[in-house]
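# Survey of secondary and tertiary structure
Residues per chain are reported as follows:
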2 protein chains.
Amino acid sequence: MIQLYSYFRSSASYRVRIALELKNIEYEYKPIHLVKSGGEQNLAEFKVLNPMGQVPCLVDDQMILSQSMAILMYLDEKYPNPKILFGDLELRSKMIQVSEMINSGIHPIQNLSVLNEIQQRFGLDSQGKSEWARYWIHRGFQAIEKVISETAGEYAFGDELCIADLMIVPQIYNAHRFEVDMAAFPILGKIEKNCLKLDCFKKAEPSAQSDAQ
Amino acid sequence: MIQLYSYFRSSASYRVRIALELKNIEYEYKPIHLVKSGGEQNLAEFKVLNPMGQVPCLVDDQMILSQSMAILMYLDEKYPNPKILFGDLELRSKMIQVSEMINSGIHPIQNLSVLNEIQQRFGLDSQGKSEWARYWIHRGFQAIEKVISETAGEYAFGDELCIADLMIVPQIYNAHRFEVDMAAFPILGKIEKNCLKLDCFKKAEPSAQSDAQ
């Protein structure tokens, strides 16, 4: 059975959990606590799976895969029902663009390891860290709101769920944690609301995970 | 004709330039100076193309595409000769994983906008900024060196160029700028050496661009 190494609050893990639920793929949940014991992601036995020391990490028989975009594309090809990347080349490329605006444009700059490093190096308190995260999320959401204003229906691209929605909702989850004012982003807010009605999002939510505290 | 909005030193633009040269795609080079006049990427006329205010941005007829991973995958499907993502699902997924270890795992944390923000907020000088960049590149390269130790030949995956090489060489270019000691990464060093012998890399190098100073 597929195993997913995950942390309930990790928004990159959350993306993969949504895909697994959406595609009805049975999987074993392997919690990796990113804070306890100095971070279980740094333990030698986990770094054998992902030398980068990050979740998510998916194990499917002999296949060990990290990086959420790689995992999502892998799952989409192996378990195509339903597809999260679909349509013609132009449409799929724009879906990947919006996904990467989060995956590479926002998320890495506000993830736990960067916030910790900023705290240690520059002496920021939790208010300061939140302010840093807020700045980058706000900046990225401004751009995404603009791009999807041309494509959105019920979801980011029309009325069918796609990979971009699986990136957007977990990033909005982070936005709430860091108290980003979402009033400036009505389209993103609508997408979140529509997605959170769906079972696959409900089951994948941080608070629904076995390691949630 | 395809237009590429690029900055000679932008390592994300460099990735796309290599792909265009490798695939022998004629294109018009549109320089966007990231430093002059407060950053041409922030001008309203550029933000129409990419609201995120970042290069690279590719324009192909009606198609306007940003985010280098989206652009590389788009080019690879539209101009498949030669492919930069090839082989079975497992192999392609690992290629994407390694690419994302750079695209999302290293590059965003050490790019110009983050360095500028750190300088302004925390008063770092150029030494401090280099130290920050070095830390993240070193950390990411340690993980990548480990992953590709199982796959590398002349290049990151065997003896054929793939998308991962197009990510690795520009990131090593940054590593040199920030004075990362590459002695710890012999496989990455070998890949760089082998790639820089190829015409497509030579033509795509920062110093070979019309906006190089």
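Residues numbered from 1 in each chain as written. Chains lettered and ligands numbered in written order. Predicted model: local features only at pLDDT ≥ 70, side-chain atom pairs only at ≥ 80, totals over all residues. Heavy atoms only, no water.

### Thoughts on the pattern of salt bridges
Residues and elements named next belong to chain A.
- As enumerated under the stated definition, the model contains 14 salt bridges over all chains in all.
- Of the charged contacts, one joins Asp60 and Lys78 as a salt bridge, the two residues approaching to 2.9 Å between their closest N and O atoms. In this pair, Asp60 sits in strand S3 (residues 57–60) while Lys78 sits in helix H3 (residues 68–78), placing the two residues 18 residues apart along the sequence.
- Overall, the relative accessible area of 8% leaves Asp60 in the buried class.
- Classification of Lys78 as partly exposed rests on a relative accessible area of 36%. (Salt bridge = Lys/Arg side-chain N within 4 Å of Asp/Glu carboxyl O. Helix = DSSP H or I, 4+ residues; strand = E, 2+ residues; numbered from the N terminus. Buried < 20%, exposed > 50% of the residue type's maximum accessible area, 1.4 Å probe, protein only.)

### Some remarks on the pairing of strand S1 (residues 2–6) of chain A
Residue and element names in this part refer to chain A.
- Among the five residues of S1, five are classified as buried, and the element is accordingly described as predominantly covered.
- Along S1, one buried face is formed by Ile2, Leu4 and Ser6 and the opposite face, lined by Gln3 and Tyr5, is buried too.
- Sheet analysis places S1 next to strand S2 (residues 27–31), joined by five bridges and oriented parallel. The partner of Ser6 across the bridge, within S2, is Pro31.
- You can see the chain leave S1, run along helix H1 (residues 11–22) and come back into S2, and the turn it takes is right-handed.
- As defined by bridge partners, S1 adjoins S3 across three bridges and the pair is classed as antiparallel. When the sheet's bridge partners are listed, Leu4 is paired in S3 with Leu58. (Pairing = 2+ DSSP bridges. Right-handed = clockwise from strand over helix to strand, strands pointing away.)

### A few points about the domain arrangement of chain A
Residue and element names in this part refer to chain A.
- Domain boundaries assigned for chain A yield domain 1 (2–82 + 201–208) and domain 2 (89–199).
- Computed from C-alpha atoms alone, the centre-to-centre distance between domain 1 and domain 2 is 19 Å.
- Listed as interface residues are 20 residues of domain 1 and, on the opposing side, 23 residues of domain 2.
- Across the domain 1 to domain 2 interface the summed buried area is about 1900 Å²; carbon plus sulfur atoms make up 68%.
- Ranking the residues of domain 1 by area buried against domain 2 places Arg15, Met69 and Phe201 at the top, with a combined share of 38%.
- At the boundary of domain 1 with domain 2, the tally comes to zero salt bridges.
- Our count for the domain 1 to domain 2 interface comes out at nine residue pairs in polar contact (both at pLDDT 80 or more).
- It is H1 that provides the largest number of residues to the side of domain 1 that touches domain 2, a total of seven residues.
- Along the lines of polarity and charge, the residues of the side of domain 1 that touches domain 2 split into 12 nonpolar, three polar and five charged. (Domains from an automatic or database assignment. Contact = heavy atoms within 4.5 Å. Buried area = accessible area lost by both parts, 1.4 Å probe. Polar contact = N/O pair within 3.5 Å; in protein donor to acceptor, adjacent residues only side chain to side chain. Nonpolar A, V, L, I, M, F, W, Y, C, P; charged D, E, K, R; others polar.)

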